[in-house]
Amino acid sequence: MLNHNGVVLLHGPPGSGKTTLCKALAQKVTIRQSKSFTGGRLVEVNCQELLSRWFGESAKRLSKLFDDIATMAEEDDGENLVCVLFDEVETLARARELTGDTPDAMRVTNQLLTCLSNIKEKPNILVLCTSNLFGVLDKAFLDRCDVVQEIPGPGQGAAYVIFAQCLNTLLDIGQVVFPDLCDVHYVENCGSCKRRLQPRFPNPSEVRVRFRDLLSTPQNYLWRIAEASVGLSGRNMRRLPVQALTKYTYITPRTVQEALSALHRLVTEEKIKPTL
Ligand SMILES: Nc1ncnc2c1ncn2[C@@H]1O[C@H](COP(=O)(O)OP(=O)(O)OP(=O)(O)O)[C@@H](O)[C@H]1O
Ligand SMILES: [Mg+2]
C-alpha cells in the first residue's frame, strides 16, 4: 500500500524563494486537482506567533490550529483542497535532542508530529513547510515529509529574470528609457491594446539564442550582470535595480545604459560585502 503524509518541505538559504514557491505550488496543485476538488484554500501559519511563553500553551495552540484545519477540510463535504503553509517550520519542528533544557520546545515538536499523523488520513489537506535551518529539524518530522527539496539561491537565469522584471517595470513607468530605438534589439508589440512599441528586456532563452553574439546589447550586458550576481539572495536582487538608480544615477529618466551601469556597480559592491 502507498504511504504518504501530504507534507512538503522546501529548505535553502534565506531569500531563495521558498515561501513564494510554496504559494505558487498551492495554487498549481489546486488547479491540477480541480477534477477532485471544487476549490482550494491557503492557510498561512505564522509559526512564531503560535509560540507562547506559558508552559504547555504553545503545544495547545498548535493542537487547536490543526483541529481548525481539520474542520475546514470537512466543510463543503471535503470538496476544498486545504493547503497549510508553515513558514520557518524549524520553530515548531526543532530536533528534540537539541531542545535541551526547554521541555516546552520538545512538547511542541511532539505535538506537531502527532498532529501530522492525525491529518494523514485526510486526502484534502496538503502541508507545505519552509525552513532555512535544515540542520536543526527533527528526524521524525523529516520522515513525515513526502518531498524534501533544497531550493538554492537564484542562478544566472533566475537572476536575469528578476532584474529584467524590475527593469521592465521601470521602463513601463518611464523611470528608465531606451534613448534610441535603433539600440533596441527586442521589441514587444502590444497589438491588442494598440500601445506604442514598447522596448523590453526579453526572457533569458532569447538572450542566449538570439543575442549571444551581440555583446554590446543591453540584454547581453544584463546577462553578464546576472552572472556576476550569483550568490546574492533573490530578495536582495529584487531590490537592487531601484536602489542602484537612487544611489548612482542623478537625472530622471535614466537611459538603459545608465541604469545597467548603476546596477553593475551595486552588484559588485554587494558581492564584496562581508556576510554577517
Ligand atoms: N529564483 C527566484 N526567482 C524569482 N524571484 C525570486 C527567486 N528567489 C527569490 N525571489 C524573490 O525574492 C523575494 C523573497 O522570496 P521568498 O520570501 O519566497 O524567499 P524565502 O526563501 O522564503 O526567504 P526566507 O528564507 O528569508 O523566508 C521574493 O520577492 C521572490 O520573488
Ligand atoms: Mg520565507
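Note that the coordinates shown come from a computational prediction; the quantities given were computed from them, not determined experimentally. The numbers attached to residues start from 1 for each chain and follow its sequence in the written order. Whichever chain is written first is A, and whichever ligand is written first is 1; the rest continue in order. Where totals are concerned, whole chains, interfaces and linings use all residues; where local detail is concerned, this predicted model gives features only for residues with pLDDT of at least 70, and gives and counts side-chain atom pairs only at 80 or more. The side-chain quantities take in all heavy atoms of the structure and omit both hydrogens and water.

Secondary structure is summarised from DSSP: a helix means a run of H or I of at least four residues, a strand means a run of E of at least two, and numbering begins at the N terminus for each. Scanning the protein for helices and strands turns up ten helices and nine strands. Buried residues are those whose accessible area, probed at 1.4 Å on protein chains only, stays under 20% of the maximum for their type, while exposed residues exceed 50% and partly exposed ones sit between those limits. Residue burial in the protein is summarised as follows: out of 276 residues, 43% are buried. Counting only contacts in the protein whose residues sit at least 6 apart along the sequence, the fraction spanning at least 24 positions is 76%. Contacts: residue pairs with any heavy atoms within 4.5 Å of one another.

Attention now goes to the packing of helix α6 (residues 156-172) against helix α10 (residues 256-272). Here an axis means a line fitted to C-alpha atoms, over the contact stretch when the element is a helix, while the angle between two N-to-C directions is reported on a 0 to 180 degree scale. Orientation of α6 relative to α10, taken along the N-to-C sense of each, is 145 degrees, at an axis distance of 12 Å. The element α6 and its partner α10 pack so that their crossing is right-handed. Here Phe163, Leu167 and Leu171 of α6 lie close against α10, whose contacting residues are Val256, Ala259, Leu260, Leu263 and Val267. When grouped by side-chain class, the residues that make up the contact of α6 with α10 number eight nonpolar, no polar and no charged. For any helix crossing, the convention is left-handed if the near helix is rotated counterclockwise from the far helix by under a right angle, and right-handed if that rotation is clockwise. Only Asp, Glu, Lys and Arg are considered charged in this grouping, and only Ala, Val, Leu, Ile, Met, Phe, Trp, Tyr, Cys and Pro are considered nonpolar; every other residue, Gly among them, is considered polar.

Attention now goes to the pattern of salt bridges. Within this document, salt bridges are pairs made up of a side-chain nitrogen of Lys or Arg and a carboxyl oxygen of Asp or Glu, the two lying within 4 Å of each other. Enumeration according to the criterion identifies ten salt bridges in this entry. Salt-bridge contacts for aspartate 172 lead to arginine 200; the nearest nitrogen and oxygen are separated by 3.0 Å. Taken together, the positions of aspartate 172 in helix α6 and arginine 200 in the loop between β8 (198-199) and α7 (204-211) put the pair 28 residues apart, joining distant regions of the chain. With a closest N to O distance of 3.1 Å, lysine 247 and glutamate 269 form a salt bridge. Linking lysine 247 in helix α9 (residues 234-248) with glutamate 269 in helix α10, this pair joins segments that are 22 residues apart in sequence. Assessed through its relative accessible area of 27%, glutamate 269 is described here as partly exposed. A single network of salt bridges, built from pairs that share partners, joins Arg239, Glu270 and Lys273.

In this section: helix α4 (residues 103-119). Over its 17 residues, α4 extends 25 Å from the first C-alpha to the last, a length consistent with the 24 Å expected when each residue adds 1.5 Å. Looking at α4, one finds that the buried residues are Asp104, Val108, Thr109, Leu112, Leu113, Cys115, Leu116 and Ile119. Where α4 is buried, its residues meet β1 (7-11), α3 (57-78), β4 (125-131) and α5 (139-144). To estimate how far a helix should reach, multiply one less than its number of residues by 1.5 Å.

In globular proteins that are soluble, nonpolar side chains generally tend to be buried together. For this analysis, a nonpolar core means a set of buried residues of the types Ala, Val, Leu, Ile, Met, Phe, Trp, Tyr and Cys, connected via side-chain atoms within 4.5 Å. Judged by nonpolar contacts, the single largest core of 30 residues is most densely connected at Leu62, Phe86 and Phe141. Those elements giving two or more residues to this core turn out to be β1, β2 (39-46), α2 (47-50), α3, β3 (80-87), α4, β4 and α5. If you tally residues by element for this core, the top one is α4, at six residues. For phenylalanine 86, the residues in contact, after removing those within four places along its chain, are Val45, Cys47, Leu62, Leu65, Phe66, Leu92, Val127, Leu128, Cys129 and Thr130. Counting 29 residues, the second-largest nonpolar core is a separate cluster that includes Phe163, Ala226, Leu240 and Ala259.

The next subject is the site of ligand 1. Residues in close proximity to ligand 1 total 15 residues, the closest being Gly15, Lys18, Thr19, Thr20 and Asn132. A 3.5 Å cut-off defines polar contacts: any pair of N or O atoms within that distance qualifies, except that in protein one atom must be a possible hydrogen donor and the other a possible acceptor, and neighbouring residues in sequence count only when both atoms are side-chain atoms. At 2.7 Å from an oxygen atom of ligand 1 is found a side-chain nitrogen or oxygen belonging to lysine 18. At 2.7 Å, a side-chain N or O of threonine 19 approaches an oxygen atom of ligand 1. Mapped onto the shell around ligand 1, the elements with two or more residues apiece are α1 (18-32), α6 and α9. Looking at the shell around ligand 1 residue by residue, the classes come out as four nonpolar, seven polar and four charged. Domain ranges listed in this record stem from an automatic or a database domain assignment. Summarising the domain contributions, the shell around ligand 1 has at least three residues from each of domain 1 (7-150) and domain 2 (156-270). Near is defined per residue: the residue qualifies when any heavy atom it owns lies within 4 Å of the molecule or strand.

Attention shifts here to the packing of α6 against helix α8 (residues 218-229). In contact at an axis separation of 8 Å, α6 and α8 are set at 125 degrees when each is read in the N-to-C sense. Of the possible angle classes, the one that applies to α6 and α8 is oblique. For the element pair α6 and α8, the recorded crossing hand is right-handed. Where α6 approaches α8, its residues Gln156, Gly157, Ala159, Tyr160, Phe163, Ala164 and Leu167 are matched on the opposing element by Gln219, Leu222, Trp223, Ile225, Ala226, Glu227 and Ser229. Of the residues assigned to the contact of α6 with α8, the class counts are nine nonpolar, four polar and one charged. By the definition adopted for this analysis, an angle is roughly parallel if under 35 degrees, roughly antiparallel if over 145, roughly perpendicular if from 65 to 115, and oblique otherwise.

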